[in-house]
Amino acid sequence: MLLIPKKRRSIPALYPGAPYWLRYILPALLVYLLFMAWPLLDSVRLSFYTGNAANRSFTGFSNYVRLFAGGEVTDRYWGAFGQTWYFFAIHMLVQNVLGLLFAAMLSNATLRGRQVYQTIIFLPTTLAILVTGYLWKLILNPLWTRDVLTGAGLGALVYPWLGEASTALTAVSLVSCWQWVGIPTVMFVAAMGNVPGDLLEAASIEGANTWHQFRHIKLPIIMPVVGIVTILTFVNNFNAFDAVFAMTGPNGPPNYKTDLIGTLFYRVGMAGQHPVAIPDTGLGAAIATVTFFMLCCGVIPTLKRTQTKE
Amino acid sequence: MKDSMYPKEKRRSSLRMQNLHLPSHILLIIWSFIALFPIWILFVNSFKTRFTIYDNPFWLPAKWNVGNYTAVLGNNDFLGYFKNSFMAVSSSIVLVLLLGSLAAYALAHWRGRASTAIYFTLIAGMMLPIRIASIRLLELVKAMGLLNTIGSLIPVYTAMGIPIAIFVLTEFVRQVPGELTEAGLIDGAGRFHIFIRIMLPLLRPAMATVAIYNLIPFWNDLWFPLIFINKENAKTLLLGVTRLFGQYQTDWSKVLAVLALSALPVITLYVLLSKQFIKGMTAGAVKG
């Protein structure tokens, strides 16, 4: 009752309060809490337990000790950890920079065919990364393209990109960038639509070149969207799974060099690892919790820094 | 300042050159080629055969072969996978829209600290990585007896879609002029009646945005089917694709036909509604 403004309290039938409105909200809230919020938080609790749903016992920090104290689990974890950061760095450098560049070009009102370009750039994003991953796996297969590439004088491109430890992760990352570049592009295009045209005009009359206009006018205005894109990239990359699953496999071959936190989490917590194919839910939950904690540490400061307005 | 040193004529022609945007066009054309090239590969090679796929991989088939497509479509499993995906995705989207619009209606009209708190709790989900919760979700779904059914996917997808629905729809309801609601109230209509008769029709474009935003991640999701579904008759399209990929591994032309058919519905929708797709996909980040 306290929530209703005084002026309105005189006609309660017309301005109902919490008990009335909750009836509308509860179905959505319950589904959300039961299938999203609670499982996320309860995963943190599960990381302090061992065993499965039928037989679970508290073990304190032992899952974390196993994760970080050394041995094979630790090696795998740090391997996947470093590779996920590399995966993320490639996405920031290639996917988001390309997206920004495309958007800067596409937001130019005098450029012809903007809609067509944007439609094409976004097209791969609509496909499942599983489908494009299988497709690129074929395209990157040197046995398949050897003749046509050497014939075209591009023999240098005939190389088992996905099979060699030194190139596999970069190849997978670039394919993933190819797939998703449409998202930052359309987001930046939409954001640049908010840049007042007369401001740019004034700047160009004052002699500001394209770079200066971008750096000092467009970039500050689109900063909140830069923040959102960074967060989305970060969250998605630290949960990336499909690209590796399709192109190299859930074990992150060759020799775990394309293993990401997402694939490691899948093997440990979901599928079960060789030689015992039983999922280790406690250890899996520990991996998930560390990721969750890391994402919070990355997301909250980024939000604070870029979403200052409003 | 620098420009004023040139004669007027020259300035005008350089402006015309600038408006041609040659470097932009060159770069965008190169990228368009890179973006479309794999799709071209997919298309032309799916009409070859197991062996002719090796001659001239980047160009049209010497002889068009529809055998791959008839083989895949003749495979009852494939149609079953397709049906399962369709059921899971469409029911989830309907639920997202239904629950989302009800809650958004309330959150927009009910002002108060509790309302704001619930609103932010719900939209926080736009950034929460739900995959991290998979271990608990798997046990939950198992306990509810939904394992190995598409029923396991629907509540999870609905929970995934509700945050964006609340975000977009609440904003939209707030923009609906208060007079409309008041007029309804004065005429003696109940609030639920107003929701059905006045709000829902007005919300249609915003609901389309929400539906499109969720369509791609739901249809293209591999993760949850992979961990929830192991039974052949409950597999979704993408999960089926992984199985057929293994089965046809020695025959890439068939694999490509499977991939093409699985991508066809989304590509068709996208080509028909590309503007709405792009608008829908930016809904989460940019207002307006």
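Student: Lay out the interface of chain A and chain B in plain terms, naming residues and giving numbers.
Tutor: A common way to report how large an interface is uses the accessible area buried once the components associate. Taken together, the contacts link 95 residues of chain A with 92 residues of chain B. Both sides of the chain A and chain B interface together cover about 8,800 Å² of buried area, and 79% of this is carbon and sulfur. The largest contributions to the chain A side of the interface with chain B come from Y24(A), F35(A) and W144(A), which together make up 9% of the buried area. Here chain A and chain B share three salt bridges between them. Between E139(B) and R56(A) there is a salt bridge, with its nearest N and O atoms 2.7 Å apart. Top contributing element to the side of chain A that touches chain B by residue count: helix α1 (residues 18–46) of chain A, with 21 residues. A class-by-class count of the residues in the side of chain A that touches chain B yields 71 nonpolar, 17 polar and seven charged.

Student: An account of unusual backbone geometry is requested, with residue identities and associated values reported.
Tutor: Peptide bonds are mostly trans, and most non-glycine residues show a negative phi. Cis geometry is adopted by the peptide bond preceding P254(A), which originates at P253(A) and carries an omega value of -5°. Following the sequence through the fold, P254(A) ends up in the loop between α11 (242–247) and α12 (261–271). Here the phi dihedral of N255(A) falls at roughly 50°; this positive angle occurs in a residue that is not glycine. The residue N255(A) is located in the loop between α11 and α12 in this model. For N56(B), which is not a glycine, the phi torsion comes out positive at approximately 55°. If you trace the backbone, N56(B) turns up in the loop between α2 (22–45) and α3 (67–74).

Student: Could you give me a rundown of a nonpolar patch on the surface, with the residues and numbers involved?
Tutor: Where nonpolar side chains cluster on the molecular surface, the patch consists of L20(B), L22(B), I26(B), I30(B), F33(B) and I34(B) and spans about 590 Å² of accessible area. The leading source of residues in the nonpolar patch is α2(B), at five residues.

Student: Summarise the pattern of salt bridges; cite the residues concerned and give the values.
Tutor: For the structure shown, the criterion picks out 12 salt bridges over all chains. Close ionic contact of R45(A) with D42(A) constitutes a salt bridge, the shortest N to O distance being 2.7 Å. Taken as a pair, R45(A) and D42(A) lie in helix α1 at a separation of three residues, close to a single helical turn. When its relative accessible area of 8% is taken as the criterion, D42(A) is described as buried. Linking R243(B) and E232(B) is a salt bridge whose minimum nitrogen-to-oxygen distance equals 2.7 Å. Separated by 11 residues along the polypeptide, R243(B) in helix α11 (residues 237–247) and E232(B) in the loop between α10 (223–228) and α11 bring together distant segments of the chain. Among the ionic contacts, a cluster of salt bridges with common partners joins D42(A), R45(A), R56(A), R136(B) and E139(B).

Reading the values: rules and limits
- Residues numbered from 1 in each chain as written.
- Chains lettered and ligands numbered in written order.
- Predicted model: local features only at pLDDT ≥ 70, side-chain atom pairs only at ≥ 80, totals over all residues.
- Heavy atoms only, no water.
- Contact = heavy atoms within 4.5 Å.
- Buried area = accessible area lost by both parts, 1.4 Å probe.
- Salt bridge = Lys/Arg side-chain N within 4 Å of Asp/Glu carboxyl O.
- Helix = DSSP H or I, 4+ residues; strand = E, 2+ residues; numbered from the N terminus.
- Nonpolar A, V, L, I, M, F, W, Y, C, P; charged D, E, K, R; others polar.
- Patch = residues over 30% accessible without salt bridge, like charges linked within 9 Å, V, L, I, M, F, W, Y side chains within 5 Å.
- Areas by Shrake-Rupley, 256 points an atom, 1.4 Å probe, with all protein chains shown as cover.
- Buried < 20%, exposed > 50% of the residue type's maximum accessible area, 1.4 Å probe, protein only.

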